[in-house]
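If you want the building blocks of each chain, they are given just below.
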Amino acid sequence: MPLTPYLHILRIPRMATSTLVAVLARLPMTATGVTLTLHVVGSLGHGYGAAGLVGTATTAGTALAAPLLGRMIDHHGLRPVVAVCGTVSATFWIGAPYLPYAVLLVAALPAGALLIPAGPIARQVIAALVPVRQRRTAYSLDSILVELTFMTGPALGILVSTQMSSTAALTGIGLLFGTCACALYAVNPPVRTPDEAGRTSRSAARPPLTSWLGRQMIATLLVATGALFVLVGAELAALATLRESGEVGAAGLVIAAMCLASLAGGIVHGVARRSASQLTLMVALAALTIPAALVAQPWWLLALVLVPSNLVCAPTLAATTERVSQLAPPAVRGEAMGVQDSATRLGLALGSPAVGFVMDHTSPNLGFVAAGLGGLAFAIVGAALSHRSRSGSAAPQPA
C-alpha cells in the first residue's frame, strides 16, 4: 500500500502527537498574511501597499530572528522559547484589531520575530524521533502537511473575515497561537535523540560556525532560496496571466491544482526507494515552470501546464530539509533549521518584486520565464559552490 510508510512514521512513539501539534501551530501562521491584508484595507481603510508593508515587516522579523530562536532552542531547550513566543504571538494578534495603523506597522517586526517557530521545531523533532533511513518519508510527510495548512489557513482567514469581521479573524488567530503554544509546552517533543543530548551535555563548547556553515550548507540554502523564488514567482505570474485574459475568477482553481500536484509529488517522493538529489529536483522545478509562458488561456490549460513543475515542489522542499539535517551537527540543529527558514523567506521576499518587475515591463506570461530563470541562477551558483567544496575535500593533503 503506497501510504504504509507514512503510517509507520506516525506509529513511532510520540510522532503522531508531535505531528498534530506542529500542524495546528502552523495553521494560524498561514492565515496571518491574508487576514492582515483584509483588516488593513477593509477595517483601517488603507491601501494594499500599506497592507503589504505590514506583511513585509512581519516576514522580515521572522526571517531575521529564526536562526536566533533556533540557537535558543539548542541552548535552553524547547519550552522557554515556546513560552515566550506563544505569549507574544497571542498578545499581538489578539490586540492587533485595536491598534492604529502606525502602531500596527511598528509592532509587526518584533511580533514576526517572536512568532512561534513551528516549522523549524517540526523538522528538529523529526530528526530526533525518526531513524535516518525513514527521514525522507518523514520530511515528505511534513511537506505534504505544510501544503494542506496553506490550503486551509488562508481560506479560513478569508471566511471568518468576510462572514464575521477581520477583528474576529485576528482574535481567533491569537487564541489559536496561545492554544498551540500551550500544547507544544505540554507535549514538549524532543529536539535531539538521547545519544545526541548526552554528547551535547558532555561537550560544553558549541561547534564553530565555520565547521558547519560551509560551502555545502550555503549551496543547500541557496537552492532553498531559489525554490521559493520560483514558487512565489509562478503563483504571481499565474494570477497576472489570468487577470490579463479575464479569467481571474478561476485563480483559486488554478492554485488548488498546483497545491494538489505538489501533494501528489510529495507522497510519491516519500515512498520511493530512491529519489533525485535536492539540486536535481530544484532544476526540474525551475525548468518546468518556464513552458507555462506559452499558455495564457483557457485557465484549465494553464493549470495543466503548471502541474509538472508543482509535482516536484514538495519533493524539493523535503530534500532540502533532509540535506540540512545531514549537514548540521546535533548541537546546532535548531540554529541550522532557523537559517533554512530564513533562506526560504528570503526567496519569498525576492521572488515577488523581481517577477513583478519583469511583468510590469514586459507581459504577464513572461513572469513564468523570470521565475524559472531566477531559480536556475540560484541552482547554478549552488552547484558551483557544492562542486568547489567536493573538489577541495578530494584534494590530497600535503605531508
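The text that follows walks through the structure, step by step, so that each part is easy to find.

Rules behind the numbers
- Residues numbered from 1 in each chain as written.
- Predicted model: local features only at pLDDT ≥ 70, side-chain atom pairs only at ≥ 80, totals over all residues.
- Heavy atoms only, no water.
- Disulfide = S-S within 2.5 Å.
- Buried < 20%, exposed > 50% of the residue type's maximum accessible area, 1.4 Å probe, protein only.
- Helix = DSSP H or I, 4+ residues; strand = E, 2+ residues; numbered from the N terminus.
- Contact = heavy atoms within 4.5 Å.
- Axes fitted to C-alpha atoms, helices over the stretch in contact; angles between N-to-C directions.
- Parallel < 35°, antiparallel > 145°, perpendicular 65-115°, else oblique.
- Nonpolar A, V, L, I, M, F, W, Y, C, P; charged D, E, K, R; others polar.
- Phe/Tyr/Trp six-rings, centres within 6.5 Å; stacked < 30°, edge-to-face > 60°.
- Patch = residues over 30% accessible without salt bridge, like charges linked within 9 Å, V, L, I, M, F, W, Y side chains within 5 Å.
- Areas by Shrake-Rupley, 256 points an atom, 1.4 Å probe, with all protein chains shown as cover.
- Salt bridge = Lys/Arg side-chain N within 4 Å of Asp/Glu carboxyl O.

## Regarding the state of the cysteines
No. 1: Enumeration over the complete set of coordinates arrives at zero disulfides.
No. 2: Here C313 stays free of any disulfide, with the sulfur of C259 as its closest cysteine sulfur at 8.2 Å.
No. 3: Look at C313 and you get buried, because its relative accessible area is 4%.

## Looking at the environment of V232
No. 1: As for its placement among the helices and strands, V232 is situated in helix α11 (residues 215-244).
No. 2: Assessed through its relative accessible area of 17%, V232 is described here as buried.
No. 3: For the pair V232 and V81, spaced 151 residues apart in sequence, the C-alpha to C-alpha distance is 30 Å.
No. 4: Setting aside its immediate chain neighbours within four residues, V232 contacts G347, L348, G351 and S352.

## Points about the packing of helix α7 (residues 135-163) against helix α8 (residues 166-187)
No. 1: Relative orientation of the contacting elements α7 and α8 amounts to 140 degrees, with a least axis distance of 6 Å. Here α7 lies oblique to α8, going by the angle between them. When α7 is examined against α8, the residues G157, V160 and S161 are found in contact with a partner set consisting of S166, A168 and A169.
No. 2: For the contact of α7 with α8, a count of residues per class yields three nonpolar, three polar and no charged.

## Comments concerning the packing of aromatic side chains
No. 1: One pass over the structure, following the stated rule, counts three aromatic pairs.
No. 2: Judged by centre distance (5.0 Å) and plane angle (85 degrees), the ring pair of F92 and W93 falls under edge-to-face. As far as the burial class goes, F92 and W93 line up, both buried.
No. 3: On the basis of an interplanar angle of 55 degrees and a centroid distance of 5.8 Å, the ring pair of F229 and F378 is categorised as tilted. With F229 in helix α11 and F378 in helix α17 (residues 366-394), the pair connects residues that are 149 residues apart, well separated along the chain.

## Considering a nonpolar patch on the surface
No. 1: Together, W300, L301 and L304 line one region of the surface with nonpolar side chains, adding up to about 300 Å² of accessible area.
No. 2: With respect to the helices, strands and loops of the structure, L304 is situated in helix α14 (residues 299-311).
No. 3: Judged by relative accessible area, L304 falls into the exposed class, the value being 53%.

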